[in-house]
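Residue-level listing of the chains:
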Amino acid sequence: MYRQVKLHEDDQTFHTILWRFNKNDPIQEYQLTTVTYGTAPAAYLAIRTMHQLAMDECDKFPRAAELILEDFYVDDFLSGAHNKEEAQKIRQEVKTLLLKGGFNIRKWKSNLTLNDDTSFQDFNSREDITKILGIKWSPQNDNFQYTIKQTSNRTNTKRQVLSEIASIFVPLGHMAPIVIKAKIIMQDIWKTGKKWDEAIPTEIQTAWDKFKEELPIIENLQLPRWFQYNPEQPIELHGFCDASQRAYGAAIYTKAVVKDKTQTTLLVAKTKVAPVKNKLTIPQLELCAATLLAKLMKRTITALKIADINIYTWSDSKVVLAWLQKTPNKQNVFIVNRVNEVHRLLGQVQWNYVKSEENPADLLSRGALPSKLQKNTLWWNGPAWLKTSSSEIKRSEGIPKEIVMNNEEFQELTVFTTKTNGPLELLTKFSSWKKTNKVGPSSKNKEFQTRDQLRTSAPIHDHAQ
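Residues numbered from 1 in each chain as written. Predicted model: local features only at pLDDT ≥ 70, side-chain atom pairs only at ≥ 80, totals over all residues. Heavy atoms only, no water.

A.B. asks: I keep staring at the nonpolar core and nothing clicks. Help me out?
C.D. replies: Taken as a class, soluble globular proteins show a tendency for nonpolar side chains to be buried jointly. Grouped together as the largest cluster of nonpolar side chains are 45 residues, with contacts concentrated most on M175, F211, W379 and W380. The greatest single-element share of this core, amounting to seven residues, is contributed by helix 6 (residues 176-192). What F211 contacts, discounting residues up to four positions off in sequence, is I168, I178, K181, A182, I185 and L369. Ranked by size, the runner-up nonpolar core spans 38 residues in total, among them C288, L296, M297 and I309. (Core = buried A, V, L, I, M, F, W, Y, C linked by side-chain atoms within 4.5 Å. Buried < 20%, exposed > 50% of the residue type's maximum accessible area, 1.4 Å probe, protein only. Helix = DSSP H or I, 4+ residues; strand = E, 2+ residues; numbered from the N terminus. Contact = heavy atoms within 4.5 Å.)

A.B. asks: What should I look at first to understand the environment of L67 in this one?
C.D. replies: Position of L67 relative to the elements: it lies in helix 3 (residues 62-71). You can call L67 buried: its relative accessible area is 5%. C-alpha separation for the pair L67 and I90, spaced 23 residues apart in sequence, amounts to 8.7 Å. Every residue in contact with L67, bar those within four places of it in the chain, is listed here: F72, F77, S79 and I90.

A.B. asks: What am I meant to see in a positive patch on the surface here?
C.D. replies: Taken together, K183, K270, K272, K295 and R299 make up a surface patch of like positive charges. Only strand 11 (261-273) and helix 8 (282-304) provide two or more residues apiece to the positive patch. Assignment of secondary structure puts K183 in helix 6. (Patch = residues over 30% accessible without salt bridge, like charges linked within 9 Å, V, L, I, M, F, W, Y side chains within 5 Å. Areas by Shrake-Rupley, 256 points an atom, 1.4 Å probe, with all protein chains shown as cover. Salt bridge = Lys/Arg side-chain N within 4 Å of Asp/Glu carboxyl O. Lys, Arg positive; Asp, Glu negative; His and termini not counted. Charge placed at Lys NZ, Arg CZ, Asp CG, Glu CD.)

A.B. asks: Before we go on, may I ask you to explain the sheet that holds strand 7 (residues 143-145) in this structure?
C.D. replies: Hydrogen bonds between backbone atoms are what pair the strands of a sheet, whose relative direction is either parallel or antiparallel. Spatial strand order, 5-6-7-8: four strands in an open sheet with antiparallel pairing. The open sheet has two free edges, formed respectively by strand 5 (130-132) and strand 8 (223-224), since each of these has just one partner strand. Relative to strand 7, strand 6 (residues 135-138) runs antiparallel, the two sharing three bridges. Considered in strand 7, the bridge of S138 is made with N143. (Pairing = 2+ DSSP bridges.)

A.B. asks: What is the right way to look at helix 9 (residues 318-325) in this model?
C.D. replies: Counting buried residues along helix 9, six of its eight residues qualify, which places the element largely inside the surrounding structure. Where helix 9 is concerned, the buried positions are V319, V320, L321, A322, W323 and L324.

A.B. asks: Can you help me understand the side chain of T265 in this one?
C.D. replies: Considering the arrangement of structural elements, one finds T265 in strand 11. Since its relative accessible area comes to 12%, T265 is described here as buried. Contact partners of T265, with chain neighbours within four places excluded, come to P224, F227, I252, Y253, T254 and W380.

Put into C-alpha coordinates, the structure is as follows:
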(Lines give C-alpha, C1' and ligand atoms only; values in the text may rest on other atoms or scores of the structure.)
Protein backbone atom coordinates (compact mmCIF):
# COMPACT_ATOMS: atom_id res chain seq x y z
CA MET A 1 0.00 0.00 0.00
CA TYR A 2 2.68 2.49 1.00
CA ARG A 3 4.83 1.91 -2.10
CA GLN A 4 1.86 2.75 -4.32
CA VAL A 5 1.85 6.37 -3.09
CA LYS A 6 4.21 8.64 -5.05
CA LEU A 7 6.11 11.38 -3.26
CA HIS A 8 6.18 14.87 -4.66
CA GLU A 9 9.50 15.66 -6.33
CA ASP A 10 10.16 18.49 -3.88
CA ASP A 11 9.89 16.01 -0.98
CA GLN A 12 11.98 13.20 -2.44
CA THR A 13 15.22 14.90 -1.42
CA PHE A 14 14.25 14.39 2.22
CA HIS A 15 14.10 10.63 1.60
CA THR A 16 17.73 10.22 0.57
CA ILE A 17 19.51 7.03 1.61
CA LEU A 18 23.07 5.74 1.36
CA TRP A 19 23.39 2.33 -0.27
CA ARG A 20 25.72 -0.11 -1.93
CA PHE A 21 24.95 -3.58 -3.26
CA ASN A 22 28.13 -5.17 -1.91
CA LYS A 23 31.00 -4.10 0.30
CA ASN A 24 33.38 -3.53 -2.64
CA ASP A 25 31.12 -0.97 -4.35
CA PRO A 26 31.37 2.72 -3.51
CA ILE A 27 28.59 4.14 -1.36
CA GLN A 28 26.01 5.93 -3.46
CA GLU A 29 23.05 8.20 -2.74
CA TYR A 30 19.52 7.16 -3.69
CA GLN A 31 16.25 9.03 -3.35
CA LEU A 32 13.11 7.11 -2.44
CA THR A 33 10.25 8.20 -4.70
CA THR A 34 7.40 6.51 -2.81
CA VAL A 35 6.13 6.58 0.77
CA THR A 36 8.36 4.51 3.02
CA TYR A 37 6.85 2.27 5.68
CA GLY A 38 8.21 3.15 9.11
CA THR A 39 8.54 6.89 8.65
CA ALA A 40 6.38 9.09 10.88
CA PRO A 41 3.95 10.39 8.23
CA ALA A 42 3.73 7.15 6.22
CA ALA A 43 0.39 5.89 7.55
CA TYR A 44 -1.26 9.30 7.26
CA LEU A 45 -0.03 9.86 3.69
CA ALA A 46 -1.20 6.43 2.52
CA ILE A 47 -4.63 6.66 4.17
CA ARG A 48 -5.15 10.26 3.07
CA THR A 49 -4.29 9.34 -0.53
CA MET A 50 -6.78 6.47 -0.49
CA HIS A 51 -9.49 8.72 0.97
CA GLN A 52 -8.83 11.32 -1.73
CA LEU A 53 -9.17 8.61 -4.37
CA ALA A 54 -12.55 7.59 -2.92
CA MET A 55 -13.76 11.20 -2.93
CA ASP A 56 -12.58 11.69 -6.52
CA GLU A 57 -14.43 8.58 -7.74
CA CYS A 58 -17.55 8.85 -5.57
CA ASP A 59 -19.74 9.87 -8.53
CA LYS A 60 -18.96 6.61 -10.37
CA PHE A 61 -18.81 4.33 -7.33
CA PRO A 62 -20.89 5.94 -4.55
CA ARG A 63 -21.34 2.79 -2.47
CA ALA A 64 -17.70 1.70 -2.75
CA ALA A 65 -16.44 5.22 -1.97
CA GLU A 66 -18.53 5.34 1.21
CA LEU A 67 -17.21 1.96 2.36
CA ILE A 68 -13.58 2.91 1.66
CA LEU A 69 -13.97 6.06 3.74
CA GLU A 70 -15.60 4.24 6.65
CA ASP A 71 -14.60 0.55 6.64
CA PHE A 72 -10.83 0.70 6.10
CA TYR A 73 -8.35 0.50 8.96
CA VAL A 74 -4.99 1.38 7.40
CA ASP A 75 -4.74 -1.38 4.74
CA ASP A 76 -7.42 -3.74 6.11
CA PHE A 77 -10.93 -3.54 4.67
CA LEU A 78 -13.61 -4.82 7.06
CA SER A 79 -17.14 -4.76 5.72
CA GLY A 80 -20.20 -6.90 5.14
CA ALA A 81 -23.56 -7.30 3.43
CA HIS A 82 -26.95 -8.88 4.08
CA ASN A 83 -26.66 -11.42 1.24
CA LYS A 84 -24.04 -13.05 -0.97
CA GLU A 85 -24.98 -11.12 -4.12
CA GLU A 86 -24.56 -7.76 -2.40
CA ALA A 87 -21.23 -8.87 -0.92
CA GLN A 88 -19.91 -9.85 -4.34
CA LYS A 89 -21.01 -6.51 -5.79
CA ILE A 90 -19.29 -4.60 -2.99
CA ARG A 91 -16.10 -6.56 -3.48
CA GLN A 92 -16.02 -5.90 -7.23
CA GLU A 93 -16.76 -2.17 -6.91
CA VAL A 94 -14.19 -1.63 -4.15
CA LYS A 95 -11.56 -3.48 -6.15
CA THR A 96 -12.29 -1.50 -9.33
CA LEU A 97 -12.23 1.86 -7.55
CA LEU A 98 -8.94 1.18 -5.75
CA LEU A 99 -7.27 -0.03 -8.95
CA LYS A 100 -7.78 3.44 -10.41
CA GLY A 101 -5.23 4.63 -7.85
CA GLY A 102 -2.89 1.66 -8.20
CA PHE A 103 -4.13 -0.10 -5.06
CA ASN A 104 -4.70 -3.77 -5.77
CA ILE A 105 -6.58 -5.80 -3.17
CA ARG A 106 -5.23 -9.31 -3.56
CA LYS A 107 -6.54 -11.30 -0.61
CA TRP A 108 -10.05 -11.76 0.70
CA LYS A 109 -11.58 -13.59 3.62
CA SER A 110 -15.29 -14.33 3.93
CA ASN A 111 -17.69 -16.56 5.82
CA LEU A 112 -19.17 -17.44 2.41
CA THR A 113 -17.32 -18.68 -0.68
CA LEU A 114 -16.69 -15.67 -2.93
CA ASN A 115 -13.91 -17.05 -5.13
CA ASP A 116 -16.02 -17.27 -8.30
CA ASP A 117 -13.83 -14.57 -9.84
CA THR A 118 -10.38 -15.97 -10.70
CA SER A 119 -8.85 -12.49 -10.67
CA PHE A 120 -9.08 -12.60 -6.86
CA GLN A 121 -6.47 -14.47 -4.90
CA ASP A 122 -8.22 -15.86 -1.83
CA PHE A 123 -6.23 -16.61 1.24
CA ASN A 124 -9.16 -18.83 2.27
CA SER A 125 -9.93 -21.82 2.94
CA ARG A 126 -12.77 -20.93 5.22
CA GLU A 127 -11.29 -23.19 7.87
CA ASP A 128 -8.42 -20.78 8.42
CA ILE A 129 -8.54 -18.41 11.38
CA THR A 130 -7.51 -14.84 10.69
CA LYS A 131 -7.06 -11.78 12.85
CA ILE A 132 -9.29 -8.70 12.65
CA LEU A 133 -7.76 -5.77 14.53
CA GLY A 134 -6.23 -8.07 17.12
CA ILE A 135 -9.26 -10.38 17.46
CA LYS A 136 -9.31 -13.88 15.98
CA TRP A 137 -12.13 -14.58 13.53
CA SER A 138 -13.17 -18.02 12.32
CA PRO A 139 -14.98 -17.62 8.95
CA GLN A 140 -16.30 -21.17 9.03
CA ASN A 141 -18.16 -20.70 12.32
CA ASP A 142 -18.38 -16.90 12.00
CA ASN A 143 -17.19 -16.53 15.58
CA PHE A 144 -14.76 -14.28 17.39
CA GLN A 145 -12.04 -15.71 19.61
CA TYR A 146 -9.58 -14.09 21.97
CA THR A 147 -5.90 -14.76 22.59
CA ILE A 148 -4.25 -14.16 25.94
CA LYS A 149 -0.53 -13.40 26.10
CA GLN A 150 0.94 -14.64 29.34
CA THR A 151 4.47 -14.70 30.65
CA SER A 152 5.90 -17.82 32.22
CA ASN A 153 7.51 -15.82 35.01
CA ARG A 154 5.55 -15.06 38.15
CA THR A 155 4.12 -11.56 38.26
CA ASN A 156 4.89 -9.94 41.61
CA THR A 157 5.39 -6.18 41.07
CA LYS A 158 3.06 -3.32 40.20
CA ARG A 159 4.82 -2.80 36.86
CA GLN A 160 4.41 -6.46 35.85
CA VAL A 161 0.76 -6.63 36.87
CA LEU A 162 -0.10 -3.48 34.92
CA SER A 163 1.75 -4.79 31.86
CA GLU A 164 -0.24 -8.03 31.87
CA ILE A 165 -3.56 -6.25 32.37
CA ALA A 166 -2.80 -3.98 29.41
CA SER A 167 -2.20 -7.03 27.21
CA ILE A 168 -5.82 -8.19 27.63
CA PHE A 169 -7.31 -6.71 24.45
CA VAL A 170 -11.13 -6.81 24.35
CA PRO A 171 -12.29 -3.79 22.31
CA LEU A 172 -16.00 -4.69 22.38
CA GLY A 173 -16.05 -5.41 26.10
CA HIS A 174 -17.18 -9.03 25.84
CA MET A 175 -14.77 -9.87 28.68
CA ALA A 176 -15.44 -6.67 30.62
CA PRO A 177 -16.31 -8.46 33.92
CA ILE A 178 -12.93 -10.19 33.75
CA VAL A 179 -11.05 -7.00 32.88
CA ILE A 180 -12.69 -5.01 35.69
CA LYS A 181 -11.68 -7.77 38.11
CA ALA A 182 -8.08 -7.17 37.09
CA LYS A 183 -8.49 -3.39 37.36
CA ILE A 184 -9.85 -3.71 40.89
CA ILE A 185 -6.77 -5.74 41.83
CA MET A 186 -4.59 -3.05 40.28
CA GLN A 187 -6.43 -0.37 42.25
CA ASP A 188 -5.78 -2.32 45.46
CA ILE A 189 -2.07 -2.33 44.61
CA TRP A 190 -2.12 1.45 44.11
CA LYS A 191 -3.73 1.91 47.52
CA THR A 192 -0.78 0.19 49.19
CA GLY A 193 1.60 2.90 47.96
CA LYS A 194 4.07 0.34 46.61
CA LYS A 195 6.62 1.55 44.07
CA TRP A 196 6.74 0.17 40.56
CA ASP A 197 9.27 -2.57 41.18
CA GLU A 198 8.42 -3.47 44.75
CA ALA A 199 6.75 -6.77 45.60
CA ILE A 200 3.01 -6.51 46.09
CA PRO A 201 1.38 -7.63 49.40
CA THR A 202 0.74 -11.34 49.92
CA GLU A 203 -3.07 -11.16 49.97
CA ILE A 204 -3.14 -9.22 46.69
CA GLN A 205 -0.57 -11.59 45.21
CA THR A 206 -2.85 -14.53 46.03
CA ALA A 207 -5.84 -12.89 44.34
CA TRP A 208 -3.74 -12.02 41.27
CA ASP A 209 -2.30 -15.56 40.99
CA LYS A 210 -5.80 -17.05 41.00
CA PHE A 211 -6.95 -14.56 38.38
CA LYS A 212 -3.93 -15.23 36.15
CA GLU A 213 -4.37 -18.99 36.50
CA GLU A 214 -7.87 -18.80 35.01
CA LEU A 215 -7.06 -16.40 32.16
CA PRO A 216 -6.43 -19.17 29.54
CA ILE A 217 -10.13 -20.10 29.84
CA ILE A 218 -10.87 -17.02 27.72
CA GLU A 219 -9.26 -18.69 24.70
CA ASN A 220 -11.93 -21.42 24.78
CA LEU A 221 -14.78 -18.95 24.34
CA GLN A 222 -16.34 -18.48 20.90
CA LEU A 223 -18.57 -15.45 20.44
CA PRO A 224 -20.92 -14.95 17.48
CA ARG A 225 -19.97 -12.11 15.15
CA TRP A 226 -23.45 -11.69 13.64
CA PHE A 227 -26.24 -10.62 15.98
CA GLN A 228 -28.99 -11.81 13.61
CA TYR A 229 -29.88 -8.39 12.21
CA ASN A 230 -32.18 -8.37 9.20
CA PRO A 231 -33.32 -5.06 7.65
CA GLU A 232 -36.79 -6.52 7.13
CA GLN A 233 -37.24 -7.24 10.84
CA PRO A 234 -37.28 -4.71 13.70
CA ILE A 235 -34.35 -4.74 16.11
CA GLU A 236 -34.12 -3.56 19.69
CA LEU A 237 -31.23 -2.41 21.84
CA HIS A 238 -31.47 -3.05 25.58
CA GLY A 239 -28.93 -1.32 27.81
CA PHE A 240 -28.27 -2.28 31.43
CA CYS A 241 -26.19 -0.42 34.02
CA ASP A 242 -25.12 -1.05 37.61
CA ALA A 243 -22.61 0.14 40.21
CA SER A 244 -20.96 -0.93 43.43
CA GLN A 245 -18.41 0.66 45.76
CA ARG A 246 -15.60 -0.75 43.59
CA ALA A 247 -16.74 -0.24 40.00
CA TYR A 248 -19.60 0.58 37.64
CA GLY A 249 -20.42 -0.42 34.09
CA ALA A 250 -22.92 -0.73 31.25
CA ALA A 251 -23.79 -3.45 28.75
CA ILE A 252 -25.93 -3.40 25.59
CA TYR A 253 -27.79 -6.36 24.11
CA THR A 254 -29.48 -6.77 20.74
CA LYS A 255 -32.89 -8.39 20.43
CA ALA A 256 -33.90 -9.70 17.01
CA VAL A 257 -36.53 -12.07 15.66
CA VAL A 258 -35.24 -14.80 13.35
CA LYS A 259 -37.75 -17.28 11.90
CA ASP A 260 -40.30 -16.52 14.63
CA LYS A 261 -37.64 -17.09 17.29
CA THR A 262 -36.29 -14.27 19.43
CA GLN A 263 -32.53 -14.14 19.90
CA THR A 264 -30.63 -11.88 22.29
CA THR A 265 -26.88 -11.25 22.00
CA LEU A 266 -24.34 -9.27 23.97
CA LEU A 267 -23.17 -6.50 21.68
CA VAL A 268 -20.84 -4.24 23.67
CA ALA A 269 -19.93 -3.41 27.28
CA LYS A 270 -17.78 -0.92 29.16
CA THR A 271 -16.59 -0.57 32.76
CA LYS A 272 -14.82 1.91 35.04
CA VAL A 273 -13.40 1.60 38.53
CA ALA A 274 -14.90 3.79 41.24
CA PRO A 275 -12.76 6.79 42.22
CA VAL A 276 -10.58 6.40 45.32
CA LYS A 277 -9.92 10.02 46.32
CA ASN A 278 -13.33 11.58 45.74
CA LYS A 279 -15.59 9.05 47.41
CA LEU A 280 -19.07 8.83 45.91
CA THR A 281 -22.24 7.42 47.41
CA ILE A 282 -23.83 4.33 45.87
CA PRO A 283 -26.67 6.38 44.27
CA GLN A 284 -24.07 8.73 42.76
CA LEU A 285 -22.11 5.77 41.35
CA GLU A 286 -25.35 4.32 39.97
CA LEU A 287 -25.93 7.66 38.23
CA CYS A 288 -22.40 7.50 36.81
CA ALA A 289 -23.28 4.05 35.45
CA ALA A 290 -26.43 5.44 33.82
CA THR A 291 -24.37 8.23 32.23
CA LEU A 292 -21.84 5.67 30.96
CA LEU A 293 -24.71 3.65 29.46
CA ALA A 294 -26.08 6.75 27.72
CA LYS A 295 -22.68 7.48 26.15
CA LEU A 296 -22.20 3.86 25.11
CA MET A 297 -25.70 3.66 23.64
CA LYS A 298 -25.17 6.84 21.64
CA ARG A 299 -21.90 5.54 20.16
CA THR A 300 -23.48 2.17 19.38
CA ILE A 301 -26.42 3.70 17.53
CA THR A 302 -24.07 5.89 15.53
CA ALA A 303 -21.88 2.92 14.58
CA LEU A 304 -24.76 0.61 13.60
CA LYS A 305 -26.38 3.18 11.28
CA ILE A 306 -29.78 1.55 11.63
CA ALA A 307 -32.55 4.07 11.01
CA ASP A 308 -35.45 2.38 12.79
CA ILE A 309 -34.25 1.02 16.10
CA ASN A 310 -36.01 0.76 19.44
CA ILE A 311 -34.05 1.62 22.60
CA TYR A 312 -34.68 0.42 26.13
CA THR A 313 -32.56 1.35 29.14
CA TRP A 314 -32.57 -0.45 32.49
CA SER A 315 -31.28 0.24 36.01
CA ASP A 316 -31.80 -1.46 39.37
CA SER A 317 -31.53 1.84 41.27
CA LYS A 318 -34.91 3.44 42.01
CA VAL A 319 -33.12 6.55 43.22
CA VAL A 320 -31.48 7.06 39.84
CA LEU A 321 -34.75 6.36 38.04
CA ALA A 322 -36.36 9.04 40.19
CA TRP A 323 -33.65 11.55 39.31
CA LEU A 324 -34.02 10.80 35.61
CA GLN A 325 -37.80 11.18 35.71
CA LYS A 326 -37.91 14.42 37.70
CA THR A 327 -36.77 17.79 36.43
CA PRO A 328 -33.52 18.28 38.36
CA ASN A 329 -33.99 21.83 39.56
CA LYS A 330 -33.41 21.25 43.28
CA GLN A 331 -30.69 18.59 43.14
CA ASN A 332 -26.99 19.20 43.67
CA VAL A 333 -24.65 20.06 40.82
CA PHE A 334 -23.20 16.55 40.55
CA ILE A 335 -26.66 15.09 39.91
CA VAL A 336 -27.90 17.90 37.68
CA ASN A 337 -24.92 17.70 35.31
CA ARG A 338 -25.22 13.95 34.80
CA VAL A 339 -28.98 13.90 34.46
CA ASN A 340 -28.75 16.62 31.83
CA GLU A 341 -26.00 14.68 30.05
CA VAL A 342 -28.17 11.56 29.90
CA HIS A 343 -31.11 13.54 28.51
CA ARG A 344 -28.86 15.26 25.98
CA LEU A 345 -27.50 11.96 24.68
CA LEU A 346 -30.67 9.87 24.59
CA GLY A 347 -33.49 12.40 24.71
CA GLN A 348 -36.61 11.40 26.58
CA VAL A 349 -35.97 7.67 26.49
CA GLN A 350 -37.96 5.82 29.13
CA TRP A 351 -35.74 4.36 31.82
CA ASN A 352 -36.99 1.10 33.29
CA TYR A 353 -36.48 -0.83 36.51
CA VAL A 354 -34.79 -4.25 36.60
CA LYS A 355 -34.26 -6.44 39.63
CA SER A 356 -30.64 -6.69 40.77
CA GLU A 357 -30.53 -10.48 40.35
CA GLU A 358 -31.73 -10.08 36.74
CA ASN A 359 -29.33 -7.28 35.86
CA PRO A 360 -26.38 -8.55 33.77
CA ALA A 361 -24.48 -5.32 34.51
CA ASP A 362 -24.14 -6.54 38.11
CA LEU A 363 -21.17 -8.58 36.85
CA LEU A 364 -19.58 -5.38 35.57
CA SER A 365 -19.80 -3.67 38.96
CA ARG A 366 -18.22 -6.52 40.92
CA GLY A 367 -16.08 -8.36 38.38
CA ALA A 368 -15.96 -12.07 37.67
CA LEU A 369 -13.33 -14.75 37.15
CA PRO A 370 -13.25 -16.47 33.72
CA SER A 371 -14.60 -19.71 35.21
CA LYS A 372 -17.72 -17.90 36.45
CA LEU A 373 -18.26 -16.10 33.16
CA GLN A 374 -17.74 -19.02 30.77
CA LYS A 375 -21.29 -20.42 30.89
CA ASN A 376 -23.12 -17.48 32.41
CA THR A 377 -26.24 -17.10 30.25
CA LEU A 378 -27.28 -13.91 32.07
CA TRP A 379 -24.11 -12.25 30.79
CA TRP A 380 -24.03 -13.60 27.25
CA ASN A 381 -27.77 -13.34 26.49
CA GLY A 382 -29.27 -11.07 29.11
CA PRO A 383 -32.17 -11.95 31.44
CA ALA A 384 -34.52 -14.74 30.33
CA TRP A 385 -37.54 -12.41 30.09
CA LEU A 386 -35.72 -10.36 27.45
CA LYS A 387 -36.74 -12.95 24.86
CA THR A 388 -40.45 -12.37 25.46
CA SER A 389 -42.46 -9.77 23.60
CA SER A 390 -41.53 -6.21 24.57
CA SER A 391 -45.19 -5.38 25.15
CA GLU A 392 -45.36 -8.09 27.83
CA ILE A 393 -42.25 -6.97 29.75
CA LYS A 394 -42.89 -5.11 32.98
CA ARG A 395 -40.77 -2.06 32.38
CA SER A 396 -41.26 0.02 35.50
CA GLU A 397 -42.18 -0.12 39.15
CA GLY A 398 -43.71 2.52 41.34
CA ILE A 399 -41.08 4.87 42.73
CA PRO A 400 -41.94 6.15 46.22
CA LYS A 401 -42.52 9.90 46.26
CA GLU A 402 -40.14 10.42 49.17
CA ILE A 403 -37.24 9.24 47.00
CA VAL A 404 -38.06 11.83 44.39
CA MET A 405 -38.48 14.67 46.84
CA ASN A 406 -35.97 14.01 49.59
CA ASN A 407 -33.05 12.02 48.27
CA GLU A 408 -29.83 14.02 48.20
CA GLU A 409 -31.56 17.37 47.67
CA PHE A 410 -29.38 20.44 47.47
CA GLN A 411 -29.60 22.76 50.47
CA GLU A 412 -28.31 26.31 50.35
CA LEU A 413 -25.99 27.19 53.23
CA THR A 414 -24.30 30.53 53.87
CA VAL A 415 -20.97 30.40 55.65
CA PHE A 416 -19.19 33.48 57.00
CA THR A 417 -15.49 33.48 57.89
CA THR A 418 -13.50 36.14 59.70
CA LYS A 419 -9.74 36.49 59.58
CA THR A 420 -8.05 38.40 62.38
CA ASN A 421 -4.49 39.65 62.20
CA GLY A 422 -3.29 39.49 65.79
CA PRO A 423 0.12 40.52 67.12
CA LEU A 424 1.32 36.88 67.10
CA GLU A 425 1.11 36.77 63.32
CA LEU A 426 4.44 38.65 63.09
CA LEU A 427 6.19 35.81 64.89
CA THR A 428 5.57 33.45 61.99
CA LYS A 429 7.14 35.79 59.43
CA PHE A 430 10.67 36.11 60.82
CA SER A 431 13.32 33.64 61.87
CA SER A 432 14.58 35.49 65.00
CA TRP A 433 13.12 37.46 67.91
CA LYS A 434 15.67 40.23 67.42
CA LYS A 435 14.55 40.86 63.85
CA THR A 436 10.90 40.75 64.89
CA ASN A 437 11.52 43.50 67.50
CA LYS A 438 13.16 45.71 64.91
CA VAL A 439 10.45 45.31 62.33
CA GLY A 440 7.45 45.27 64.68
CA PRO A 441 7.24 48.98 65.69
CA SER A 442 7.85 50.26 62.17
CA SER A 443 5.16 47.97 60.81
CA LYS A 444 2.72 49.18 63.44
CA ASN A 445 3.55 52.83 62.73
CA LYS A 446 3.11 52.19 59.03
CA GLU A 447 -0.29 50.66 59.73
CA PHE A 448 -1.35 53.77 61.69
CA GLN A 449 -0.01 56.04 58.95
CA THR A 450 -2.00 54.15 56.32
CA ARG A 451 -5.17 54.46 58.36
CA ASP A 452 -4.60 58.23 58.80
CA GLN A 453 -4.08 58.63 55.06
CA LEU A 454 -7.31 56.82 54.35
CA ARG A 455 -9.16 59.15 56.71
CA THR A 456 -7.80 62.36 55.19
CA SER A 457 -7.21 61.53 51.56
CA ALA A 458 -10.81 60.81 50.60
CA PRO A 459 -12.53 64.00 49.30
CA ILE A 460 -15.72 65.12 50.98
CA HIS A 461 -18.62 65.97 48.70
CA ASP A 462 -21.52 68.03 49.97
CA HIS A 463 -24.64 67.28 47.99
CA ALA A 464 -26.89 69.51 50.09
CA GLN A 465 -28.70 72.09 48.01
